[in-house]
Amino acid sequence: MAEHESLEFGKADFVLLDNVSLEEFMANLKLRFEKGRIYTYIGEVVVSVNPYRAMNIYGRDTIEQYKGRELYERPPHLFAIADAAYKAMKRRNKDTCIVISGESGAGKTEASKYIMQYIAAITNPGQRAEVERVKNMLLKSNCVLEAFGNAKTNRNDNSSRFGKYMDINFDFKGDPIGGHINNYLLEKSRVIFQQEGERSFHSFYQMVKGGPESLLRSLHVSKDPTAFNYIKVGGHIKSSIDDGGDFKAVADAMKVIGFTADELQTVYKVLATILHLGNLTFGVDGDTTLIENSKVVAVIGDLLATKEENVEKALLYRTVATGRDVIDKQHTAQEASYGRDALAKAMYERMFCWIVGRINDVIEVKNYDAKVHGKNTVIGVLDIYGFEIFQNNSFEQFCINYCNEKLQQLFIQLVLRQEQEEYQREGIPWKHIDFFNNQIIVDLVELQHKGIFSVLDEACMNVGKVTDKVFLQGLNSKLANHAHYTSRKLSPTDKSLEFDRDFRVRHYAGNVVYSVVGFIDKNKDTLFQDFKRLLYNSSNPVLKVMWPEGKLKITEVTKRPLTAATIFKNSMIALVENLACKEPYYVRCIKPNDVKSPLLFEHERCRHQVEYLGLLENVRVRRAGFANRQEYPRFLQRYKMISEFTWPNHDLPSEKEAVKKLLQGCGFEQDVAYGKTKVFIRTPRTLFCLEEQRTEMVGRIVLFLQKVWRGTIARMRYRRMRAAAIILRAYRRFKVKSYIKDVNRKFKNVRSMKDHGKHVKWPTPPKVLRRFEEALRSFYNRWWAWMLIKDMTPEEKLRIRAKGATLEALKDQRPDLGLQRTWEGNYLKRDSPDTASSFTLVSSELQRKDKFMRVLFSCNVRKINRFHKAEDRAVLITDRHLYKMDPLKQYKPMKSIPLYNVGSSPLYYEPCFHGENGCFLDSQQCVPAFTQNTLAFYQNCVYVTYTRI
């Protein structure tokens, strides 16, 4: 599913701007920067603005989002361009390249690292060891090249001071199998001089601050950078760069790549030698030039593995061959200082080129046979300096700006060529597009015999003393009528130019004034042959390899070496030819401000970069024909919900016909063209209308899908619940059946058992049958009781019923209820023979008087009144009355109460005593016993009630 940004973040593609103007371009760029969207497309070009802060958009999750996706399916990102280049290489078996350009501090180096990281992440899914080794080498090479080729400048803490082009070779499966690195125009002048606030190359500070004590002692180097003239300007700068940590990381990376311990030691010795060279000072004694601190010469000789006297001679003398004669010409102090600085710059440049060569030896493709292994395809990554305009522009800026002219020319040509080829492939008529062709500026620089480089080389070849002023005169004479060149002599009224010093070139990015001071010396790049022989004759084999031309004899005649301008021009021509045969992708980097703030967007600063990068020109070229084009399947997949003929699936003959039907239904058929595999949309407004309609329909579709999905979930939940209920019901039924069977099995033969199953242990019932089990136990107990009493006489049953009532009424009231013995009822007649006769007479008299049928209960009791005074009494209960008697007066009746008057009216309690036990009982518990006419059960615990009078 494609994911697009909303318009609150601005237009994700500059091609979709309503009006192509610089103002709208800048407004969109600023809006996206402020909203945290640092990437924007121009067709297949990514414009990147340095955010000056860490952003969480480069992790593994983000890589997975862009892997295998088309450019327009995800928001703009570097990974999208990297993936597009990789797919073109893998699918179409075509070499591709990614060109990263922009000024110092715009984020080119970081962009190249993220592109390398992405390619490494998406390749070698099978985790082949050799491929992983190559990937690791390619990534580690970045770390090493940054240490020796990057430096802190006023614009950027990690500025690349060289151009780098890396080819990554892939096998037929799309896995990296090797690579090759080309470097261009190292800024070696930085070795001996830095502007205020800047540093020399990182490698010097890493060694001085991070090297172990033993290493520094062997190199005669202290940990104070300010002790060395060449780097002391940068030594005073407080920086966030961790030189100590970086030293270890670089050393580890070099070991992983394959640098031996001797090679690594030689690199440190070269760096130390350069530092010591900077501390050499020359003096004059009469006509003789002397080295004032000769001890340093001994240190240099030791580091270079050569004799001290040879070093001193090379620094103070120049060997000149005139025919067969060889003479030593002594330098002046000024010439000696020039030679020292030239040696320092040359040694660092040679070491850097040697490091690049060693990396190439390790990562280059070996033993690859295209017939056996398939075609070897390439992705090139170019990280090169952007257009530069400083306060003082010299030879280096001229070469850099020439490089950008060549790349801009290639950029326009390739973009136009890509457009034209795509139109032709799709059968769309091609219209001529007017654009600024900077070929005239390229010719101004590189044209044979008339170009600025040719004039410079010609001036350098002149015999005699050649000055920069002579070079400027040559330019004025040969380029006087050129529309893009001028000087103060040609424009006397232009006071921005100095006489005999400045000339102006009108580049595609703007006018640049160059000072000719130093052009001749920098172009000649003179290094005396004596230094080359000195280093070649070193006993250090690594140094010997770095200086192969030192093996020439003094009298041997050689060709004039190529000048720096010619070497650079040839390398640029070769680079452009290499890029021209590949399918290019571009990353244009922009620096939003000079103070490295993540919030500040300097309008003029960015406008200038937009102009010299030719971004608006690129938009116009892209918009000259059709602003947007998409393959039919992709277009249909995104917009098919707009039309009833294409949603959810169409039944038309082809996807092209379905797209036509869709666009006709929307009324856009006049603003589109139909190619063989793609639909071309002319204006951005049509695309926006399609997006708006799609957004509206997506909301409806989402609601519909939610409804369907929620219904599906509800039905699934219902089915699960129903299944659970069925399972639960079946399980309960099973448990019930199991329990019933278990009960039936255990109680099957209880009738024949001696105790009728009283000893049988009841099975544990399931929870659902607990009440059933209680009822079943009750049924069983009633059956068991019936089995015990069914053969009893009526009198026995009556006694049993009385005992049951007693048990129920006096439960938990006293420990012994006398249930195990026979209840007599009339205890006064039985217990005491002495008083029995008196009691019998009294009871007979009462029977005659009150006409009762029989005596239910009689016994002696102890009365405790409300004043807690105890007295002996006797109780006689008949079937009609309750009598209170005085045992001390021959059981004389004291009170008679009819049984129908005994109830639950307010009464007071009185303890009874019989034998050893006594208890308390409330009247409510007595009522059932009286009403059932079973008072005989109160054999040893009677509650006597008195109605209050």
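Residues numbered from 1 in each chain as written. Predicted model: local features only at pLDDT ≥ 70, side-chain atom pairs only at ≥ 80, totals over all residues. Heavy atoms only, no water.

1. Some points on the overall build of the chain
Per the secondary structure count, the chain includes 32 helices and 23 strands. Taking 30 Å as the expected radius of gyration for a compact globule of 949 residues, we find that the chain reaches 55 Å, considerably beyond that expectation. For the chain, the spread of C-alpha atoms along the principal axes amounts to about 180 × 80 × 60 Å. Considering the chain as a whole, with its 949 residues, one finds that 49% of them fall into the buried category. Contacts in the chain between residues far apart in sequence, at least 24 positions, make up 64% of those at least 6 positions apart. When the accessible area of the chain is evaluated, it comes to approximately 48000 Å², of which 52% is carbon and sulfur surface. Computing the positive centroid from 146 side-chain charges and the negative centroid from 112, the chain places the two 12 Å apart. (Helix = DSSP H or I, 4+ residues; strand = E, 2+ residues; numbered from the N terminus. Rg over C-alpha atoms; globule rule 2.2 N^0.38 Å. Buried < 20%, exposed > 50% of the residue type's maximum accessible area, 1.4 Å probe, protein only. Contact = heavy atoms within 4.5 Å. Areas by Shrake-Rupley, 256 points an atom, 1.4 Å probe, with all protein chains shown as cover. Lys, Arg positive; Asp, Glu negative; His and termini not counted. Charge placed at Lys NZ, Arg CZ, Asp CG, Glu CD.)

2. Let's talk about the UniProt feature "binding site: ATP" (unreviewed entry) in the chain
If you check UniProt for "binding site: ATP" (unreviewed entry), the listed places come out as G102, E103, S104, G105, A106, G107, K108 and T109 in our numbering. Owing to a relative accessible area of 0%, G102 belongs among the buried residues under this scheme. Those residues in contact with G102 that lie beyond four places of it in its chain are K108, I384, Y385, G386, C589 and L613. With respect to the element layout, G105 can be found in the loop between β3 (96-101) and α4 (108-122). Overall, the relative accessible area of 5% leaves G105 in the buried class. Apart from residues no more than four positions distant in its own chain, G105 is found in contact with N50, Y52, R155, N156 and K591. (UniProt positions renumbered as here; feature names shortened; annotations may be inferred.)

3. A short note on the nonpolar core
Among the nonpolar cores identified, the biggest contains 112 residues, and F148, F204 and Y348 are the most heavily contacted of them. Looking at which element gives the most residues to this core, the answer is helix α13 (residues 333-363), with 15 residues. Leaving out residues up to four positions away in the same chain, F148 has contacts with F201, S203, V250, M254, V267, L271, Y348, M351, F352 and I355. In terms of nonpolar packing, the next biggest core, distinct from the first, is built from 74 residues, C403, V455, F503 and V516 among them. (Core = buried A, V, L, I, M, F, W, Y, C linked by side-chain atoms within 4.5 Å.)

4. So, the packing of helix α5 (residues 129-149) against α13
Axis separation between α5 and α13 bottoms out at 10 Å; the angle between their running directions is 175 degrees. Put simply, α5 runs roughly antiparallel to α13. The segment α5 lies against α13, with R133, M137, L138, S141, V144, L145, A147, F148 and G149 engaging Y348, M351, F352, I355, V356, I359, V362 and I363. Of the residues contributing to the contact of α5 with α13, the split by class is 14 nonpolar, two polar and one charged. (Axes fitted to C-alpha atoms, helices over the stretch in contact; angles between N-to-C directions. Parallel < 35°, antiparallel > 145°, perpendicular 65-115°, else oblique. Nonpolar A, V, L, I, M, F, W, Y, C, P; charged D, E, K, R; others polar.)

5. Overview of the pairing of strand β2 (residues 45-49)
Burial analysis of β2 places five of its five residues in the buried class, the great majority of the element. Inspection of the sheet shows strand β1 (residues 39-42) paired to β2 by four bridges, in the antiparallel sense. Along β2, the bridge assignment pairs Y39 with S48. Hairpin connection between β1 and β2: a loop of two residues separates the two successive antiparallel strands, and G43 in this loop has a positive phi of roughly 65 degrees. (Pairing = 2+ DSSP bridges.)

6. Concerning a positive patch on the surface
Among the surface-exposed residues, R722, R729, R733, K737 and K741 lie close enough to one another that they form a single positively charged patch. On the secondary structure map, R733 appears in helix α27 (residues 684-746). For R733, a relative accessible area of 43% puts it in the partly exposed group. (Patch = residues over 30% accessible without salt bridge, like charges linked within 9 Å, V, L, I, M, F, W, Y side chains within 5 Å. Salt bridge = Lys/Arg side-chain N within 4 Å of Asp/Glu carboxyl O.)

7. Notes on the sheet that holds strand β16 (residues 583-590)
Pairing between the strands of a sheet is mediated by backbone hydrogen bonds and can be parallel or antiparallel. Here we have seven strands laid out as an open sheet, ordered β1-β2-β16-β3-β12-β6-β7, and mixed in their pairing. Since the sheet does not close on itself, it has two edges, and those belong to β1 and β7 (176-184), each with one partner. This sheet shows a mean twist of 15 degrees between the axes of neighbouring strands, independent of strand direction. Pairing between strand β6 (residues 163-170) and β7: eight bridges, direction antiparallel.

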